[in-house]
Amino acid sequence: IEANKLIQSQFDEQKNSEIINKNNTYISDLYNYLQNNIDNFTYNDEKRTLRDFPNQFVSYKGIVAIKEYLKNLALQGFGNPHNDKQILNNGPTSQFYFLLESLDFLIVKLNVLEISDLDKEYYIRAIKNHFKYSLTVQYNPENYGKFKLCEICGEQHDRFPIIIKKKLSVIENKLENI
């Protein structure tokens, strides 16, 4: 009977180890997908030149593209910041929103899947750093002065898309509680 218990215990341990390894691989794949989305984010911006020359377009990629996009979005806003359909049909805006969706999904999976503590700590730190330094740095209203009150909802967002603002807030809250 003791031998059977020992064998069952070893079997259970092996099974648990296999589940953790499978979950680690899954989380790694999700993280790599997020990183790939960040690295492949593209944004084209029209830069003004001297008055006698035509404006030029500058192409950005990766984190630099995200920072430029968010900086311009915070400064210029979006036509109707409450029209989710219009927002999600805009190339860079929809690309950024779905990048946030993949980040949100990764955070959810990190919370529910059993992985090694060391791996979990690594991914949490990496995600927090991405969020803090790559995905929100230009959104901070203090960088651009006070946003104006929205004529539609009365909130202070100065035409910054509500769907993105809400998603950033949801992710920030999840990261604080992870």
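Rules behind the numbers
- Numbers given to residues run from 1 along each chain, matching the order in which its sequence is written.
- For a predicted model such as this one, the threshold for reporting local features is a pLDDT of at least 70, and the threshold for listing and counting side-chain atom pairs is 80 or more; totals across whole chains, interfaces and linings nevertheless cover every residue.
- The side-chain quantities take in all heavy atoms of the structure and omit both hydrogens and water.
- For this analysis, a salt bridge means a side-chain nitrogen from Lys or Arg found within 4 Å of a carboxyl oxygen belonging to Asp or Glu.
- Working definition: helices are DSSP H or I runs of at least four residues, strands are E runs of at least two. Numbering for both runs from the N terminus.
- Each residue is placed in one exposure class: buried if its accessible area under a 1.4 Å probe, protein chains only, is under 20% of its type's maximum, exposed if it is over 50%, and partly exposed if it falls in between.
- The pLDDT value tells you how sure the predictor is about a given residue, anywhere from 0 up to 100.
- Helices are assigned an expected span. That span is 1.5 Å times one less than the residue count.
- Here, residues are in contact when the closest pair of their heavy atoms is within 4.5 Å.

Asker: How do you make sense of the pattern of salt bridges when you look at a structure like this?
Answerer: Between side chains of opposite charge, a pair can form when the charged atoms approach closely. Evaluated as defined, the whole model comprises five salt bridges. For Lys174, the salt bridge goes to Asp104, with nearest N and O atoms at 2.5 Å. Of this pair, Lys174 sits in helix α6 (residues 162–176) while Asp104 sits in helix α4 (residues 91–112); the two residues are 70 residues apart in sequence, bridging distant segments of the chain. Residue Glu121 pairs with Arg125 through a salt bridge whose shortest N-O separation is 3.5 Å. Of the two residues, Glu121 and Arg125 both sit in helix α5 (residues 117–135), four residues apart, roughly one turn of that helix. Since its relative accessible area comes to 43%, Glu121 is described here as partly exposed. You can call Arg125 exposed: its relative accessible area is 55%.

Asker: Explanation requested: the confidence of the model for the protein in the structure shown.
Answerer: One rule of thumb: low pLDDT means the predicted coordinates there are not for detailed reading. Looking at the protein, the pLDDT average stands at 85 and 88% of residues meet or exceed 70. Across the protein, the element-wise mean pLDDT spans from 86 in helix α2 (residues 63–76) up to 94 in α4.

Asker: Mind showing me how you'd approach helix α1 (residues 2–39) here?
Answerer: An α-helix turns once every 3.6 residues. As a result, residues three or four positions apart point the same way. Under the 1.5 Å per step criterion, the end-to-end length of α1 is 55 Å for 38 residues, consistent within 8% with the ideal 56 Å. Looking at α1, one finds that the buried residues are Ile20, Asn23, Asn24, Ile27, Leu30, Tyr31, Leu34 and Ile38. Along its buried surface, α1 packs onto α2, α4 and α5.

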